[in-house]
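Per-entry structural report
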Amino acid sequence: MAAPGNEEELTQDQTEKLLQFQDLTGIDSMDQCRRTLEQHHWNIEAAVQDRLNEQEGVPSVFNPPSSRPLQVHTADHRVYSYVVSRPQPRGLLGWSYYLIMLPFRFTYYTLLDIFRFAIRFIRPDPRSRVTDPVGDVVAFVRNFEEQYGRIHPVFYQGTYSQALNDAKRELRYLLVYLHGDDHQDTDEFCRTMCSPEVVNFINTRMLFWACSTSKPEGFRVSQALRENTYPFLAMIMLKEQRMTVVGRLEGLLQPEDFVNQLTFIMDANATYLVSERLDREERNQTQVLRQQQDEAYLASLRADQEKERKRKEELEKRRKAEEDIRQQILAEERRQRSLQEEKERKSECLPPEPFSEHPDSVKIVFKLPNDTRVERRFLFTESLTVIYDFLFSLKETPEKFQIVANFPRRVLPCLPTEKEPNPPTLQQAGLSRCEVLFVQDLTDD
């Protein structure tokens, strides 16, 4: 049987697997069933499992992953946002310093923005091309440790997309930190993150991903999350079947406030995470149950196939045994016909029996193995072969035999050998005019 639109013929085993796979998966298209099985090298168990994974929302192993990162929902109006404003100047001295520096800061940042805006028309921002996202993250972690030491929250050393996927798969919170190298509060905030209470809180409750916005990978995430100021933190989790930003922290935070704000965000969204875990557990149980049912079905199917195979083997053995017996019977019949034809030919070739008055005649009485006696006359001048051929032509004579004479007891050499190609005559063999010879059956030997 060949699948429609495909000229390549299927073997019987492949045809059976194709029908089994269609029955297990319920796919109507035979072409689709065949393509799936061919992708899995006709391994029906792997093909069925991959099909079940697709139905559960897991992409097929033969569908290449999208080059786009996992999308994060950021437009939810329920996102908790906490912005820490810089402290206002106090006292006459503070306000005097603030007012004096205000024109300079305004001019500096205005010129800097104009310069950056103009430079984009001349040369595109090199950060827009992400070539080594993992390298960007690793470089940030290395620079962070060189400046602030090795006591810090455990950084996720992978891409942003990988961190999202792991957080989604493990149903954990993901805390994203965007590092602004030039911001005046960055240094103090990094030291806050290295405080023991913050390190312990982050390491035990969530995944932590960070990168500098001066790196292409950090810049790409910055454009996706749209931060307003630095330091910037975003809490992301799986909410309503999609990765969602559920909290934003912007500005300089103290350790206690840092922990309190993250705790508030996690408590406010705990029910969503619990619901996702229950839903996933239910889906997993359904998938396990379905897999167990499929495995039981396949086991039953394999058992039935094994029974059918053994039944066919038994029938084949019986047929072969019957065929062997039939061939043996035919061979025996052919051998018997050939033997009878040979007896008839020998009988026709025998010389005529001489008269009793012939001077060279010899009367021989043969005693056969079945105790019957046969009598015939021969000539002294005839070869012992004539005696052998005469006995061979008789129906009572066994297929293989030898002729024995008594007084003295000896076996007559009736058949030619390498040493004596011409057997002796009756006279040369020392036979008398009246002789009794015994025929011995050699068939069993």
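Note that the structure is predicted; figures quoted are calculated from it, not measured.

As a further point, take the sheet that holds strand 7 (residues 373–379). Strand order in the open sheet formed by five strands is 7-6-10-8-9, with mixed pairing between adjacent strands. The outermost strands of the open sheet, each flanked by one partner alone, are strand 7 and strand 9 (410–411). Inspection of the sheet shows strand 6 (residues 361–367) paired to strand 7 by seven bridges, in the antiparallel sense. Directly across from V362, in strand 7, lies its bridge partner F378. Across the sheet, helix 12 (residues 384–393) is in contact with strand 6, strand 7, strand 8 (401–405) and strand 10 (434–441); its angle to strand 8 comes to roughly 125°.

The next point concerns the side chain of H179. Positionally, H179 belongs in strand 2 (residues 173–179). Assessed through its relative accessible area of 8%, H179 is described here as buried. Here Y177 takes part through its side chain, which lies 2.9 Å from a polar atom of the side chain of H179. In this structure the side chain of H179 is engaged in a polar contact, spanning 3.2 Å, whose partner is the side chain of D181. If we ignore the near neighbours within four places in the chain, the residues touching H179 are F140, T186, C190, C211, S212 and T213.

What follows deals with helix 12. Most of helix 12 is tucked away, with nine of its ten residues classed as buried. Along helix 12, the residues classified as buried are L384, V386, I387, Y388, D389, F390, L391, F392 and S393. As for helix 12, its buried residues are in contact with helix 11 (270–349), strand 6, strand 7, strand 8 and strand 10.

What follows covers the environment of F21. Along the chain, the position of F21 falls in helix 1 (residues 12–25). Classification of F21 as buried rests on a relative accessible area of 0%. Note: C-alpha distance between F21 and C33 (twelve residues apart in sequence) is 6.9 Å. Not counting chain neighbours up to four residues away, the residues in contact with F21 comprise I27, C33, T36, L37, I44, A47 and V48.

If you trace the backbone, S393 turns up in helix 12. Overall, S393 belongs to the buried group, its relative accessible area being 15%. Every residue in contact with S393, bar those within four places of it in the chain, is listed here: K343, K346, S347 and L350. In terms of polar contacts, S393 uses its side chain to reach the backbone carbonyl oxygen of F390, at 2.7 Å.

Reading the values: rules and limits
Residues numbered from 1 in each chain as written. Predicted model: local features only at pLDDT ≥ 70, side-chain atom pairs only at ≥ 80, totals over all residues. Heavy atoms only, no water. Pairing = 2+ DSSP bridges. Helix = DSSP H or I, 4+ residues; strand = E, 2+ residues; numbered from the N terminus. Contact = heavy atoms within 4.5 Å. Axes fitted to C-alpha atoms, helices over the stretch in contact; angles between N-to-C directions. Buried < 20%, exposed > 50% of the residue type's maximum accessible area, 1.4 Å probe, protein only. Polar contact = N/O pair within 3.5 Å; in protein donor to acceptor, adjacent residues only side chain to side chain.

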